[in-house]
Amino acid sequence: MRIGIDVGGTKIAIGLVDGTGRIVARRRILTESWRGYGPIRDRILAGIDGMLREGGVSGEEVERIGVAAAGQVRGDRILFSPNLHWENAPLKADLERVTAIETFLENDVNAATYGEWKFGMAQGGAHVVGIFIGTGIGGGLIFDGRLYRGCSGVAGELGHITLNPQGYRCNCGSTGCFEAYCGGAYVVDRVKKRIEQGYRGKVWDLISGRPEELHAGHIEAAYLEGDEVCTAVWKEVIEYLGVALQNLVNLLNPEVIICGGGVIEGARQLMEDARGVMEKRALSPSVADLRLEKARLGEDAVILGVTCME
Ligand SMILES: [Zn+2]
């Protein structure tokens, strides 16, 4: 048995995974990230304990704990996680001391890419790129069947490749990043601002006059119905996602690009629209053998990935 843990900014998902890669028990806890590192670590420990007890599994039967978190992870520490407000968190040592089970830390998007590669839609490829578009954008790279971490362990920051140096401001401090163009929070923000300035239109009906509920799926739906503001905003999303894909295929020539995350899941035809842009712009040998796939494991990809990574 192995335990996989996905520590997100709002919730922590814990799964008990058997030798065949099946999740046989689960737990969900709210993160309450404002409490800081110590209390969250203790909630994780209590969650592990509760799940094992409920499942009638002893600690000795668990060969490993894998923990995935958003942010930069190196070996035994979570160097920096903006969602969790952690810096240099010694999670590996702390979990090992209490549970006496070997613990492994990983970035959540690397884990999701790995999980989709081993158990989901990217199976079979030796060169795989994972792109996860939620509020922001994260990426994972697998070359020759191994996760590529780079020299400092922080490779795969696909969200912060620059697509337009004069473009929108990004939360990373730079401008014109892929994330600033296609990240859900940024895209929603652009439409919300126009609504706050008094814009109405098809989108207003789609959200029943409740801007706080606006998400990327509404913007695509409004674009498909010809809403003026959403058409301008969404066409930009399609174009820039297509350009990001083009850059990645020209640079890396992967067999599979796997796209997941809330924005991809919530959109009806974004992947196909962006594929058109990519194919028009990319060098044709770079896309000839490419499979562009939608992730299918959802949040299970992280738990499965982090339990089986090496
Ligand atoms: Zn950025």
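Every value quoted in this text rests on a predicted model; they were computed, and no experiment measured them. (Residues numbered from 1 in each chain as written. Predicted model: local features only at pLDDT ≥ 70, side-chain atom pairs only at ≥ 80, totals over all residues.)

### Considering the overall build of the chain
Keep this limit in mind: Note on conventions: DSSP H or I runs of at least 4 residues are helices, E runs of at least 2 residues are strands, and numbering of each starts at the N terminus. Atoms counted for the radius of gyration: C-alpha only. Globule rule: 2.2 Å times the number of residues to the power 0.38. Field definition: a residue is buried when 20 or more other C-beta atoms are found within 10 Å of its C-beta, exposed when 12 or fewer are, and partly exposed for counts in between, with C-beta atoms placed from the backbone.
Each helix and strand in the chain was counted, giving twelve helices and 13 strands. Taking 19 Å as the expected radius of gyration for a compact globule of 310 residues, we find that the chain reaches 20 Å, a close match to that expectation. For the chain, the spread of C-alpha atoms along the principal axes amounts to about 60 × 45 × 35 Å. Residues counted as buried form 42% of the 310 residues belonging to the chain.

### Thoughts on the domain arrangement of the chain
The condition is simple: For each domain, the first and last residues come from an automatic or database assignment. We call two residues in contact when the distance between their C-beta atoms, placed using the backbone, is within 7 Å. Basically, the charged four are Asp, Glu, Lys and Arg, the nonpolar ten are Ala, Val, Leu, Ile, Met, Phe, Trp, Tyr, Cys and Pro, and anything else, Gly included, counts as polar.
With domains assigned, the chain is organised as domain 1 (2–113 + 300–308) and domain 2 (124–294). Contacts between the two partners involve six residues from domain 1, matched on the other side by 13 residues from domain 2. Counting residues per element, the side of domain 1 that touches domain 2 draws most heavily on helix α3 (residues 108–119), at four residues. Split by residue class, the side of domain 1 that touches domain 2 holds two nonpolar, three polar and one charged.

### Observations regarding the environment of S284
One can find S284 in helix α11 (residues 284–287). On a C-alpha basis, the gap between S284 and V24 in space is 44 Å, while along the polypeptide they are 260 residues apart.

### So, the environment of K202
Relative to the assigned elements, K202 resides in helix α6 (residues 202–206). Sequence separation of K202 and I219 is 17 residues, and the distance between their C-alpha atoms is 9.6 Å. In this view, K202 contacts A222, E225, G226 and D227; residues no more than four positions away in its chain are not counted.

### Side note on the nonpolar core
Applied cut-off: By convention in this section, buried Ala, Val, Leu, Ile, Met, Phe, Trp, Tyr and Cys residues joined through C-beta atoms within 7 Å make up a nonpolar core.
The biggest cluster of nonpolar side chains holds 92 residues, and the ones touching the most others in it are I219 and I257. Take this core: its biggest share by element is 13 residues, from helix α8 (residues 228–252). Here this core spans two domains, since at least three of its residues come from each of domain 1 (2–113 + 300–308) and domain 2 (124–294). Setting aside residues up to four positions removed in sequence, I219 forms contacts with V187, V191, V203, C230, V233 and W234.

### Description of helix α10 (residues 270–281)
Each α-helix winds once per 3.6 residues, and so residues spaced three or four apart point in a common direction. Going by this rule: To estimate the expected span of a helix, count its residues, drop one, and scale the result by 1.5 Å.
In a regular helix each residue adds 1.5 Å, so twelve residues correspond to 16 Å; α10 covers 17 Å between its end C-alpha atoms and thus fits that length. Elements that come into contact with the buried residues of α10 comprise α7 (216–224), α8, α9 (262–266), α11 and β13 (291–294).

### Looking at the sheet that holds strand β8 (residues 103–107)
Our working rule: Note: two strands are recorded as paired if DSSP finds a minimum of 2 bridges between them. Inter-axis angles, ranging from 0 to 180 degrees, are taken between N-to-C directions of lines fitted to C-alpha atoms, where helices are fitted over the stretch in contact.
Here we have five strands laid out as an open sheet, ordered β3-β2-β1-β4-β8, and mixed in their pairing. The open sheet is flanked by β3 (23–30) and β8, the only strands paired with a single partner. Taking the axes of each pair of neighbouring strands and ignoring which way they run, one obtains an average angle of 15° across the sheet. Note: strand β2 (residues 11–17) against β3, seven bridges, orientation antiparallel. Bridge pairing in β3 places I12 opposite I29. Its contacts with the sheet place helix α12 (residues 300–308) against β1 (2–7), β2, β3, β4 (64–69) and β8, and it is angled at close to 130° to β1.

### Things to note about the sheet that holds strand β12 (residues 256–260)
Across the sheet, five strands lie side by side as β11-β10-β9-β12-β13; this open sheet has mixed pairing. This sheet does not close on itself; its edge strands, each paired only once, are β11 (146–147) and β13. As paired elements, strand β9 (residues 128–133) and β12 share five bridges and run parallel to each other. Along β12, the bridge assignment pairs V128 with V256. On the sheet, α3 packs against β9, β10 (137–143), β11 and β12 and is oriented at approximately 50° with respect to β10.

### Considering α3
With twelve residues, α3 extends 16 Å between its outermost C-alpha atoms, agreeing within 8% with the 16 Å of an ideal straight helix rising 1.5 Å per residue. Taking burial as the measure, the twelve residues of α3 include ten buried ones, the bulk of the element. When we look at burial in α3, the residues that qualify are D108, V109, N110, A111, A112, T113, Y114, G115, E116 and W117.

### With respect to the packing of α8 against α10
Note the threshold: Angles are sorted into four bins: roughly parallel if under 35 degrees, roughly antiparallel if over 145, roughly perpendicular if 65 to 115, and oblique for all others. Two helices cross in a left-handed way if the nearer one is turned anticlockwise from the farther one by less than a right angle. They cross in a right-handed way if the turn is clockwise.
It is the contact of α8 with α10, at a shortest axis distance of 7 Å, that shows an interaxial angle of 55°. Regarding the angle of α8 to α10, the classification is oblique. The two elements α8 and α10 meet at a crossing, and its hand is right-handed. Across the interface between the two elements, I238, E239, L241, G242, V243, L245, Q246 and V249 from α8 touch L270, D273, A274, G276, V277, M278 and R281 from α10. The class makeup of the residues in the contact of α8 with α10 is nine nonpolar, three polar and three charged.

### Considerations on unusual backbone geometry
The residue N88 is not glycine, and still its phi comes out positive at about 55°. With respect to the element layout, N88 can be found in strand β7 (residues 86–89). The class of N88 is exposed, set by 10 C-beta atoms lying within 10 Å.

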